[in-house]
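# Coordinate inspection notes
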Amino acid sequence: MPAKKASVFTHGKKLSDESLYVINIIDLEPAGLLVKAYNQETNAEYFLSPSEGQLKEAALTRSEEDLTKLADSIDIYTKGDRTYISSSLPAIKDNKVIPAGPAVKEYIDNTVIGDVTLPELLTTALSELCKAKPAGLDAVRWLGEWLLENNPNQPHVEEP
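The subject of this paragraph is the environment of V97. Tracing the backbone through its elements, the reader meets V97 in the loop between β6 (82-87) and α3 (102-110). The class for V97 is partly exposed, based on a relative accessible area of 42%. Considering only alpha carbons, one finds V97 and C130, 33 residues apart in sequence, at a separation of 35 Å.

Moving on, we come to the nonpolar core. Core analysis: the biggest nonpolar cluster contains 23 residues, and I25, V35, L70, I85 and I92 have the highest contact counts within it. Residue assignment for this core shows that the elements contributing at least two residues are β2 (20-27), β3 (33-39), β4 (44-48), α2 (64-72) and β5 (74-79). In contact with I25, other than residues within four places in its own chain, are S7, V8, F9, L33, L34, V35, L67, L70 and A71.

So, on to the environment of D66. On the secondary structure map, D66 appears in helix α2. When its relative accessible area of 13% is taken as the criterion, D66 is described as buried. As a C-alpha pair, D66 and G80 span 14 residues in sequence and 32 Å in three-dimensional space. The contact partners of D66, leaving out residues within four places of it in the chain, are A59, L60 and T61.

Turning next to the pairing of β6. Judged from the six bridges that link them, β5 and β6 form a sheet pairing that is antiparallel. Bridge pairing in β6 links I76 to I85. Linkage of β5 to β6, two consecutive antiparallel strands, is achieved through a turn of two residues, within which G80 is found at a positive phi near 65 degrees.

Attention now goes to the packing of helix α4 (residues 118-132) against helix α5 (residues 137-149). In contact at an axis separation of 10 Å, α4 and α5 are set at 135 degrees when each is read in the N-to-C sense. If you check the angle between α4 and α5, you find them oblique. For the pair α4 and α5, the sense of crossing is right-handed. Judged by residue contacts, L121, L122, T124, A125, L126, E128, L129 and A132 of α4 engage A139, W142, L143, W146 and L147 from α5. In the contact of α4 with α5, the residues fall into eleven nonpolar, one polar and one charged.

Rules behind the numbers
Residues numbered from 1 in each chain as written. Predicted model: local features only at pLDDT ≥ 70, side-chain atom pairs only at ≥ 80, totals over all residues. Heavy atoms only, no water. Helix = DSSP H or I, 4+ residues; strand = E, 2+ residues; numbered from the N terminus. Buried < 20%, exposed > 50% of the residue type's maximum accessible area, 1.4 Å probe, protein only. Core = buried A, V, L, I, M, F, W, Y, C linked by side-chain atoms within 4.5 Å. Contact = heavy atoms within 4.5 Å. Pairing = 2+ DSSP bridges. Axes fitted to C-alpha atoms, helices over the stretch in contact; angles between N-to-C directions. Parallel < 35°, antiparallel > 145°, perpendicular 65-115°, else oblique. Left-handed = near helix turned anticlockwise from the far one by under 90°. Nonpolar A, V, L, I, M, F, W, Y, C, P; charged D, E, K, R; others polar.

Right, here's the structure in full:
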């Protein structure tokens with residue numbers, strides 16, 4: 001069982017929403033750092049995970065001075081109905097937004113692949129799978145191969 005990582009830096013800070021947060025920085029070497037902002041009043045937690053490459057690009061080490069610089073760069077923002085933390089240091093990238101709830105269905109329905117939507121492509125693929133009737137894990141392999149062979153975004157090369 002891996003050892004539990006302890007916070008290497010803790011800092012109290014009022015963010016732009018005028019709430020007080022406890023900023024914890026946890027060392028995940030060699031993967032980078034985990035920055036956690038905790039609002040005790042609302043019991044909300046927000047996370048940011050700068051990689052080793054981002055830390056190097058920002059010229060940040062694990063010194064107390066650099067961890068203070070990172071903690072001081074943290075602020076909170078809202079996008080749509082979700083809240084995130086980010087760093088004002090240009091090298092530290094925001095976390096990727098992963099859709100949840102109804103946003104997942106909207107994302108899937110609006111994903112266009114070639115001249116069809118993702119649900120249309122998957123419906124065709126699953127219909128072809130039913131016609132082929134492979135058994136067990138062969139069905140998964142068959143579906144994967146079919147999707148690769150029929151990828152509308154795949155360039156088509158015609159030989160003269």
